[in-house]
Amino acid sequence: MEPDPGIDLTPERIETDAKLRREREQADEQLAQRASAVEKHADEVVELARERADHLLATEREQADSTRLETAGVQTLPRSQAIARASEDNAVTEERAGADDELESERIEER
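This is a predicted model, so every value here is computed, not measured. (Residues numbered from 1 in each chain as written. Predicted model: local features only at pLDDT ≥ 70, side-chain atom pairs only at ≥ 80, totals over all residues. Heavy atoms only, no water.)

Draft legend 1. View of the overall build of the chain. Broken down by element type, the chain carries 2 helices and 0 strands. When its C-alpha atoms are laid out on the principal axes, the chain stretches across 95 × 20 × 10 Å. Within the chain, the proportion of its 111 residues that are buried is 6%. Element-wise, carbon and sulfur atoms account for 53% of the exposed surface of the chain, whose accessible area totals about 9600 Å². Each charge class in the chain can be summarised by its mean position, and for the 16 positive and 31 negative side chains these summaries are 3 Å apart. (Helix = DSSP H or I, 4+ residues; strand = E, 2+ residues; numbered from the N terminus. Buried < 20%, exposed > 50% of the residue type's maximum accessible area, 1.4 Å probe, protein only. Areas by Shrake-Rupley, 256 points an atom, 1.4 Å probe, with all protein chains shown as cover. Lys, Arg positive; Asp, Glu negative; His and termini not counted. Charge placed at Lys NZ, Arg CZ, Asp CG, Glu CD.)

Structure (structure tokens):
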């Protein structure tokens, strides 16, 4: 920012301006660090939630499979069920990737 030509820049004024500029830069840096820490914590929370959801899904699938196998009196589940699960898992993976991309884009815009 250029100084106003009508303002007399005394040594004190120059020193004050420099100090204020340094303080502003330090404040901006601290805000950026805090924002980064908040983003990192949010990412960790989301990752933990995803891990818990994946674990819960796997546990529920195992229980359902066990019940189906006992009821049907067979050793393996139908191939169609494995294909359906793979499709569901791919859909979840794609949804998560899309959400991650959208969040990253929003973060970039905010910076």
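Draft legend 2. Highlighting a nonpolar patch on the surface. Judged by side-chain polarity, Ile-7, Leu-9 and Ile-14 come together as a nonpolar surface patch covering roughly 230 Å² of accessible area. Within the element layout of this structure, Ile-7 appears in the segment before helix H1 (11-72). Judged by its relative accessible area of 35%, Ile-7 is partly exposed. (Patch = residues over 30% accessible without salt bridge, like charges linked within 9 Å, V, L, I, M, F, W, Y side chains within 5 Å. Salt bridge = Lys/Arg side-chain N within 4 Å of Asp/Glu carboxyl O.)

Draft legend 3. Quick peek at the pattern of salt bridges. With the rule as written, the count across this model stands at 9 salt bridges. Among the ionic pairs, Arg-50 bridges to Asp-100, the shortest N-O distance being 2.9 Å. Taken together, the residues Arg-50 in helix H1 and Asp-100 in helix H2 (residues 79-110) connect sequence positions 50 residues apart. Residue class for Arg-50 comes out buried when judged on its relative accessible area of 17%.

Draft legend 4. Highlighting the packing of H1 against H2. One can describe the packing of H1 onto H2 by two numbers: an axis separation of 13 Å at closest approach and a directional angle of 170°. By the angle between their axes, H1 is roughly antiparallel relative to H2. Contacts between H1 and H2 involve Glu-39, Ala-42, Asp-43, Arg-50, Ala-53, Asp-54, Leu-57, Arg-61, Asp-65 and Arg-68 on the former and, on the latter, Gln-81, Arg-85, Glu-88, Asp-89, Arg-96, Asp-100, Leu-103 and Arg-107. A per-class count over the contact of H1 with H2 returns 4 nonpolar, 1 polar and 13 charged. (Axes fitted to C-alpha atoms, helices over the stretch in contact; angles between N-to-C directions. Parallel < 35°, antiparallel > 145°, perpendicular 65-115°, else oblique. Contact = heavy atoms within 4.5 Å. Nonpolar A, V, L, I, M, F, W, Y, C, P; charged D, E, K, R; others polar.)

Draft legend 5. Broad picture of a negative patch on the surface. Judged by side-chain charge, Glu-102, Glu-106, Glu-109 and Glu-110 come together as a negatively charged surface patch. Judged by relative accessible area, which is 67%, Glu-110 ranks as exposed.

Draft legend 6. Quick look at H2. Counted at 1.5 Å a residue, the expected span for H2 with its 32 residues is 46 Å, and the 47 Å between its end C-alpha atoms agrees. Those residues of H2 that sit buried are Gln-81, Arg-85 and Arg-107. (Expected span 1.5 Å × (residues − 1).)

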